[in-house]
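Coordinates in review
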Amino acid sequence: MSRFNSLESLKALCTRFASTISFLDEATELEGYLIRIRRRIHANPELAYHEQETAALVAGELKRAGIRVETRVGGTGVVGVLEGAAPGHTVALRADMDALPLQELSGEEFASKSKGVMHACGHDSHVAMLLGAARILASHRDDLKGAVKFLFQPAEEAAEKGGGAKPMIVAGVMERPKVDYVFGLHVFSNFPSRTFALRPGPLMAASGTFKIRVLGRGGHGSAPHQTVDPVFVAAQLITALQAIRSRMVDPVEPSVVSVCSVHSGTRNNIIPDDAMLEGTMRTVDDFTKRRVASLIRQISYSVCRTFGARCEVEIEDAYPVTVNNPGVEAEVFSLLSTIPGTKTVEVPPLLVAEDFSFFLRKAPGTYYFLGTRDESKGCVSPNHSSRFKVDEDVMKYGADSLALLAFEFSGRGVR
Ligand SMILES: [Zn+2]
Ligand SMILES: [Zn+2]
């Protein structure tokens, strides 16, 4: 979808950014560094709240670039602060550092050395790209106005435990100096390599987690009539919950209810006493969020009661909707569009969720995706797959984009 319906608006844009600086040559020179750092982190992934080695690597690299560093911020978080030569705005750039509990099957030569832990969401590349941007900006310190804060955040994937953005905010990263703009980037297999994808307003969903314990009454597998079989009831419930999306909320309102974990029983001929279901819900507005949550409760209680079981339902809010500031997003869209060799597109909201949303509640900013799907390189598996592969050729564009946004927004309106 094109943003520019008239030649006038395109001309106005060209005039506006006629003086836009490009860091792509410098990012290209740093390509070997970006790949080296990314592979090192990829081979040594660390789970949420345990990113000690990654944080140590980040702190070391920032110090080497002459950037002031604070460690153990909100847990394992690391913050770098680069002050420019003249007054201006403070821009925060954020990368997440955590890996996922998943056995890697990518076949990469630098695959994870930790059993059952893998960088399957590309956060390794986020760290590398942000370190690249930090090095670029540090080498332009004399031309930089204001300040740039580099936020290396733990535990983005740990929504059920509150994530890692909130503890960093509580630790004061959006203050002293106060952050005026905040930006974040995520690699995404949904989009072709070298494509920046974003939108104004809601970009990603609010997420919530739910746990449903079905309480039956166990017995012998040969005599189900003497029991209340929680496995059977859970199966009915999993199916019934899908009526929320298909039959009970407005079909044009984005929403998802997914039961992702089912646990019950110990062996083939014992009907157990209970069954545990866990899942996630996604919505992009508050009304639908409340409606979906209340329907999960209603359906759980009704289905269980119908078959003589009881249930306990716990629903918790995880991350809020990620909302890009429309004015800032428009400028980001224009700036990204100036990066040679890339394409910038507007996309509909996605039902993934991000704790970057908490940063966007503290300062205007924009979150955007960088596509990393390239069939010719075998980069086809989705994020969170054990076969997920980042197209490393896109990292220089990501590093360039972060440096560009920080440089332009820190000097925005400042003479
Ligand atoms: Zn993820
Ligand atoms: Zn992620």
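Residues numbered from 1 in each chain as written. Chains lettered and ligands numbered in written order. Predicted model: local features only at pLDDT ≥ 70, side-chain atom pairs only at ≥ 80, totals over all residues. Heavy atoms only, no water.

Structural notes on the sheet that holds strand 15 (residues 343–346)
Taken in spatial order, the eight strands of this open sheet run 1-2-4-3-5-16-6-15, and their pairing is mixed. Strand pairing shows two members of the sheet lacking a second neighbour, strand 1 (68–73) and strand 15, which therefore form its edges. Sheet twist, expressed as the mean angle between neighbouring strand axes with direction ignored, is 25°. Note: strand 3 (residues 86–96) against strand 5 (residues 181–192), four bridges, orientation parallel. The residue bridging R94 from the neighbouring strand is G184, located in strand 5. (Pairing = 2+ DSSP bridges. Helix = DSSP H or I, 4+ residues; strand = E, 2+ residues; numbered from the N terminus. Axes fitted to C-alpha atoms, helices over the stretch in contact; angles between N-to-C directions.)

A word on helix 7 (residues 230–248)
The end-to-end C-alpha separation of helix 7 is 25 Å, in line with the 27 Å expected for 19 residues at 1.5 Å each. Along its length, helix 7 shows its largest kink, about 25°, at Q242. Listed in full, the buried residues belonging to helix 7 are P230, V233, A234, L237, L241 and I244. Buried residues in helix 7 make contact with strand 8 (206–215), strand 10 (255–264), strand 11 (270–271), strand 12 (274–283) and helix 8 (286–306). (Expected span 1.5 Å × (residues − 1). Bend = angle between axes of the 7 residues up to and from the residue. Buried < 20%, exposed > 50% of the residue type's maximum accessible area, 1.4 Å probe, protein only. Contact = heavy atoms within 4.5 Å.)

Section: the confidence of the model for the protein
In low-pLDDT segments, the atomic positions of the prediction should not be examined closely. Of all residues in the protein, 95% have pLDDT values of 70 or greater, and the mean over the chain is 94. Below a pLDDT of 50 lies the segment residues 10–18, which in the model reaches seven contacts outside its immediate sequence neighbourhood of four places, other chains included. (pLDDT = per-residue confidence, 0-100.)

Examining the environment of R135
By secondary structure assignment, the location of R135 is in helix 5 (residues 123–138). Separated by 95 residues in sequence, R135 and P230 place their C-alpha atoms 57 Å apart. Setting aside chain neighbours within four positions, we find R135 in contact with L30, Y33 and A65.

Thoughts on a negative patch on the surface
A cluster of acidic side chains, namely E160, E278, E312, E314 and E316, defines a negative patch on the protein surface. Of the residues forming the negative patch, the biggest block, three residues, is contributed by strand 13 (residues 310–317). Relative to the helices and strands, E316 is located in strand 13. Among the residues examined, E316 registers a relative accessible area of 45% and is labelled partly exposed. (Patch = residues over 30% accessible without salt bridge, like charges linked within 9 Å, V, L, I, M, F, W, Y side chains within 5 Å. Areas by Shrake-Rupley, 256 points an atom, 1.4 Å probe, with all protein chains shown as cover. Salt bridge = Lys/Arg side-chain N within 4 Å of Asp/Glu carboxyl O. Lys, Arg positive; Asp, Glu negative; His and termini not counted. Charge placed at Lys NZ, Arg CZ, Asp CG, Glu CD.)

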